[in-house]
Amino acid sequence: SLGEKRELSKIRVFSHLASMASRKSAVLKNNEEEKQEEEEEEEVSDSPTEVKMSQIIMPCHCNHRQELCVGQLLKWIDITACLSAERHAMSPCVTASMDDINFEHTIRVGQVVSIKSKVNRAFNSSMEVGIQVSCEDLFSGHHWKVCHAYATFVTQRKETGERVLLKPIVPETQKEQLEYSLAAERRRVRMLHDDIIKDLLTHGCIQQGDSVEFSNAVAAEKTKVESVELVLPPHTNHQVNTFGGQIMAWMVNVATIAASRLCQTHPTLRTIDMFTFRGPSQIGDRLLLKAIVNNAFTDSIEVGVRAEAYQDLGTNRHINSAFMIFEVLDDHGKPCTLPRLQPEPLEGERRFQEAIARKKIRLDRKYIISRKQCEVPLSVPWNPRNQVYLSYNNVSTLKTLASRKKWRLSSEKDKVRLYSLEEKTMLSFRVDTEVDVPAHTAFSLLAELCNRPSWDTYYQKCDLIHQVDDDDFLYHVVTPSVHPRIHQDFILLASKRRPCGSGDSYVIALRSVLLTSHPPTEGCNRGEVLCAGFIIQDTKNNIYYNQASPEVLPYISSDIAGLSTSFYNIFSSLLRLLPTVQRHA
């Protein structure tokens, strides 16, 4: 196992190779893989931060359609997540932000909603809490997922003004280790979220002209909603601050009214975009809630909501903003076509265009992060605007592959071990060996992909196309092909990560992307890499490193013995090179 204790300064090397069985089989629904993922999610956990809440849905929790109000669900989510955060921090905590929430199903009167939360990772004074929401029909016994979310909580400062420093989370199960590792990646995406929208608007990468006048367009002014709420003791938490879930519930209420004024019927809330709490409010505050439809697309509506707090003659304090996406469903549950919107001049135009940018980001995330591994084509078009999500998906896919269960030892030679994992449409390999080289030295060598031809004979050529930033690079790789006199080439995105904190890995993740400046050429077969890279982990002077190389190697059709020999020769070459690099470091 990854956590096994070894001698000091030992490196354990793994390799994972994922390859499509065939393009025809790749497009089939992979029910076996989905079932396996569900089984892995059921891994038993004894996390001390885990909190569970179950609520039977009563009429007082529902709207006129006897469906659970999303605002009420958000209250329960926030309470459960806060209890997890405070159980770990052992001090008062407040909600700092909530990632995107996609509501897959509605919940009706008489059904039971179950909410489970636990802290995935603690940083200095903030922590990520993962939340899973599911529903149960008591009469049929049927269970289904409703949504999942990630919330960030921060500790309250002590009376002296000092910050409460959080103790680290110690993941126990493989799923907890994976969530712990990916929490750092999600934090990176949160920090860049606002910059991505600004970049889209600045560089004009969104459609202009959608805001022209239409004969049947609804004026945005008609969708405006304002509501004032007085914060009373029942609306506050145990810290006498306005309960974050209550603020979210009030915001959902005004957003629903605004969307209803556009479509003139009862809409369904589908998505809440990532939002951040900018400041607290207390008992006696008046909360001014403002909502307006920012844009109406073919079958969805974006409503912007702003919450401001004030007391008597004091100035208004902006404490939160959120963007909520609504749909109108017909009798068969299909989205209806919606009226167009005529935005207000100036500020309305700005909101109109920003809504287009946010929709593009949502589509990018849905396409890149949520798509199944068996979908074809494997490569996703690369551009600077979807780079953050491609990079996240690149790293998370490699770590997910590394955490898979049921790896089987196929062969072993001189402590170089080959493992395989067979799934319905996927064949994966892992190679494991040990060397006496520090992790940072191995990372410095392997992170420079242009050096790989010096030790990997299947990398005939590797050229850097573009350095996106300090962590992400685009390469053109040429390898031999199974066809005589024809080479195979790849356009690879390499995402490189240094450890963010204790227990983190060095990561070099690779995946294919489509690049308009480098289309396929004659004389070369353009290949696709689904998941590749290296994971180098240093734990208490015990160092591990992983490699994954899917579809890059032409011997994928060879038998296991041939694969073992090929891997052995490659790693033998690498092991001879690493000590040389260490001596010159």
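Residues numbered from 1 in each chain as written. Predicted model: local features only at pLDDT ≥ 70, side-chain atom pairs only at ≥ 80, totals over all residues. Heavy atoms only, no water.

A. Quick look at the environment of Q311. Mapped onto the fold, Q311 is located in the loop between β14 (301–310) and β15 (317–327). Put simply, Q311 and I283 are 28 residues apart on the chain and 9.8 Å apart in space, counted from C-alpha to C-alpha. (Helix = DSSP H or I, 4+ residues; strand = E, 2+ residues; numbered from the N terminus.)

B. Seen up close, the sheet that holds strand β13 (residues 286–296). With antiparallel pairing, the 6 strands of this open sheet are ordered in space as β5-β11-β15-β14-β13-β10. Both outer strands of the open sheet, β5 (101–102) and β10 (225–230), are each paired with one neighbouring strand and no more. Across 6 bridges, the pairing between β10 and β13 is antiparallel. Its bridge partner being in β13, E226 is matched across the sheet by K290. (Pairing = 2+ DSSP bridges.)

C. Layout of the packing of aromatic side chains. All chains considered together, the criterion is met by 4 aromatic pairs. With centroids separated by 5.8 Å and ring planes inclined at 70°, the aromatic side chains of F275 and F277 adopt a geometry described as edge-to-face. When the ring centre of Y180 is taken as reference, the NZ or CZ atom of R121 above it lies at 4.2 Å. The ring of F123 is capped by R187, whose NZ or CZ atom sits 4.2 Å from the centre of that ring. (Phe/Tyr/Trp six-rings, centres within 6.5 Å; stacked < 30°, edge-to-face > 60°. Lys NZ or Arg CZ within 6 Å of the ring centre and 35° of its normal.)

D. Quick look at the pattern of salt bridges. Using the criterion set out here, one finds 28 salt bridges in the structure. The residue E344 makes a salt bridge to K224 at a minimum N-O spacing of 3.1 Å. Of this pair, E344 sits in the loop between β16 (341–342) and α6 (347–369) while K224 sits in the loop between β9 (218–219) and β10; the two residues are 120 residues apart in sequence, bridging distant segments of the chain. Taking relative accessible area as the criterion, E344 reaches 13% and is therefore assigned buried. Given a relative accessible area of 43%, K224 falls into the partly exposed group. Via salt bridges that share partners, D99, E128, K175, E179, R186 and R190 belong to a single interconnected network. (Salt bridge = Lys/Arg side-chain N within 4 Å of Asp/Glu carboxyl O. Buried < 20%, exposed > 50% of the residue type's maximum accessible area, 1.4 Å probe, protein only.)

E. Examining helix α3 (residues 70–89) more closely. Here α3 is 20 residues long and its end C-alpha atoms lie 28 Å apart, about the 28 Å a rise of 1.5 Å per residue gives. Within α3, 16 of the 20 residues are buried, leaving the element largely enclosed by the surrounding structure. (Expected span 1.5 Å × (residues − 1).)

F. The environment of K406, seen in detail. Considering the arrangement of structural elements, one finds K406 in the loop between α7 (387–402) and β18 (408–413). For the pair K406 and L421, spaced 15 residues apart in sequence, the C-alpha to C-alpha distance is 6.7 Å.

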